[in-house]
Amino acid sequence: MTDSIMSKAATMEIPINSNGDTGTLPEDDSLEQAAKLQWSLDEKDLQQVMVSGPNLNETSIVSGGYGGAAEGIIPTSSIKDLRMKARRSSVPSSSSFLCHKASESNEYKGSNMHHSSSSSSMMAEEATRGVAVEKLETVKKWGLNTYKCTKQMISERFGRGSRTVDLELEAQIEVLRDTKRKYENVLRLARALTNHFYNMVQTQHALGDTFADLSQKSPELRDEFGYNAETQKLLCKNGETLLGAINFFVSSINTLVNKTMEDTLMTIKMYENARLEFDAYRSDLEELSLGPRDAVAMARIDAAQQQYQVQKDKYERLRSDVIIKLKFLEENKVKVMHKQLLLFHNAISAYFAGNQEQLEQTLKQFNIKLRPPGADKPSWLEEQ
């Protein structure tokens, strides 16, 4: 209806009177009322669009001019579909909103994880740096200590430096070293005696078996071979008993020499190293005391005094340990050697005297248990 009214208005003739004024036609009022009505309808449609959007199902859009053909009319359903697609593209859906929130939370968690990993890596780097600094300080102290000790040792060897001397203790240490060398010689000879005597016993055992076999195969010499076979078996049995006593003697001497004496000598070595360090720091302190007395020198003297006191305490402690160990070693050595020498004497005397009872009584006296024949050989399970 609006289009027909506008077309009619466009082709209508407007009469002009003799004064040049437009004449009032009866259709002017109808046009004016139609324009006002159209304006009110347009305002209502605009308000409806503002509130709930336009109702495209009841409207159509003309693409041509006024009075154009109906071929230019666009269906409102296609416009509605476009409008709905635009709304879907412009307004995010609930799923995309949740995905966006989830991505934001993941990014936040990732940032937190990155922050924690970076902090842990920083802590690991600090710990590694602390260990490296500690090792560097240890190497530095070791190098300084080695330099001072080497300097002191060279000075003592060339007669230019002084050393702390304990005459009584050094005499006892020298006696211990000499005693250890002599006991090592006793141990070497006792082991050689054990090996030789073991070979002799094995030879006697083989000889007794041979005599017994010949006594069975030589009827004319059966008695003679039999006597010698019995004698060799008896000597072999007594020899095995004596070997048990000698092995016990060797084991006790070995423990005394290679464990007890060696432990004391290790403490003595630590004492001598402490003495060298003590003299090195003492000489360093004496050299600093003879120098200038400025602030830097006094700080160095104080540090050297502290190191000197530490080395002195260490030296005194190890000196006391050496004195105590030497005392206990001497007492232990007397007890052990008294028992072992008595065992060795009684066993050798009884064996060569042919006194089997006395030889067995000697082993019982010292609680020595003999190994049965063939005990040294591995069992058939161990061989497999």
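Since the model is a prediction, treat every value here as computed from it, not as a measurement.

Calculation criteria
- Residues numbered from 1 in each chain as written.
- Predicted model: local features only at pLDDT ≥ 70, side-chain atom pairs only at ≥ 80, totals over all residues.
- Heavy atoms only, no water.
- Helix = DSSP H or I, 4+ residues; strand = E, 2+ residues; numbered from the N terminus.
- Buried < 20%, exposed > 50% of the residue type's maximum accessible area, 1.4 Å probe, protein only.
- Contact = heavy atoms within 4.5 Å.
- Salt bridge = Lys/Arg side-chain N within 4 Å of Asp/Glu carboxyl O.
- pLDDT = per-residue confidence, 0-100.
- Expected span 1.5 Å × (residues − 1).
- Bend = angle between axes of the 7 residues up to and from the residue.
- Core = buried A, V, L, I, M, F, W, Y, C linked by side-chain atoms within 4.5 Å.
- Axes fitted to C-alpha atoms, helices over the stretch in contact; angles between N-to-C directions.
- Parallel < 35°, antiparallel > 145°, perpendicular 65-115°, else oblique.
- Left-handed = near helix turned anticlockwise from the far one by under 90°.
- Nonpolar A, V, L, I, M, F, W, Y, C, P; charged D, E, K, R; others polar.

**A look at the side chain of Asn346**
Assignment of secondary structure puts Asn346 in helix H7 (residues 295-352). Judged by its relative accessible area of 16%, Asn346 is buried. Apart from the residues lying within four places of it in its own chain, the contact partners of Asn346 are Thr362 and Gln365.

**Regarding the pattern of salt bridges**
Under the defined criterion, the tally for this structure stands at 18 salt bridges. With its nearest N and O atoms 3.5 Å apart, the salt bridge here joins Lys314 to Glu277. Here Glu277 lies in helix H6 (residues 222-289) and Lys314 lies in helix H7, a separation of 37 residues in the sequence. Residue Lys314 is classed as partly exposed on the basis of its relative accessible area of 30%. Each of Glu156, Arg163, Glu170, Arg275, Asp279, Arg282 and Glu286 takes part in salt bridges that share partners, so that together they form one network.

**Regarding the confidence of the model for the chain**
On average, the chain scores 75 in pLDDT, and the residues at 70 or more come to 66%. When the elements of the chain are averaged for pLDDT, strand E1 (residues 61-62) gives the smallest value, 42, and helix H5 (residues 167-217) the largest, 94. Under a pLDDT of 50 for its full length, residues 379-384 has, in the predicted model, one contact with residues more than four places off or in other chains.

**Remarks on H6**
Note on helix geometry: an α-helix contains 3.6 residues per turn, so any two residues three or four positions apart are oriented the same way. Taking 1.5 Å per residue as the helical rise, H6 with its 68 residues ought to reach 100 Å, and the 97 Å between its terminal C-alpha atoms agrees with that figure. The sharpest bend along H6 measures roughly 35° and falls at Glu262.

**Things to note about the nonpolar core**
Membership of the largest hydrophobic core comes to 43 residues, with the highest contact counts inside it found for Ile173, Leu176, Ile268, Tyr271, Val322 and Leu326. Elements that contribute at least two residues to this core include exactly H5, H6, H7 and helix H8 (356-365). Looking at this core element by element, the count peaks at 18 residues for H6. Non-local contacts of Leu326, meaning those with residues more than four positions away in its chain, are made with Leu169, Gln172, Ile173, Leu176, Thr264 and Ile268.

**A closer look at the side chain of Glu277**
Residue classification places Glu277 among the buried residues on the basis of a relative accessible area of 14%. Among all residues touching Glu277, those that are not within four sequence positions of it are Asn145, Cys149, Gln311 and Lys314.

**What to know about the packing of H7 against H8**
Two elements in contact, H7 and H8, have axes whose closest approach is 8 Å; the angle formed by their N-to-C orientations is 160°. Looking at the two axes, H7 sits roughly antiparallel to H8. When you trace H7 past H8, the crossing you get is left-handed. Here Leu343, Asn346, Ala347, Ala350 and Tyr351 of H7 lie close against H8, whose contacting residues are Gln358, Leu359, Thr362 and Gln365. Looking at the contact of H7 with H8 residue by residue, the classes come out as five nonpolar, four polar and no charged.

**Quick look at the packing of H5 against H6**
Their axes nearest at 7 Å, the elements H5 and H6 cross at an angle of 160°. Between H5 and H6, the angle is such that the two are roughly antiparallel. Between H5 and H6 lies a crossing whose hand is left-handed. Of the residues assigned to the contact of H5 with H6, the class counts are 30 nonpolar, 14 polar and eight charged.

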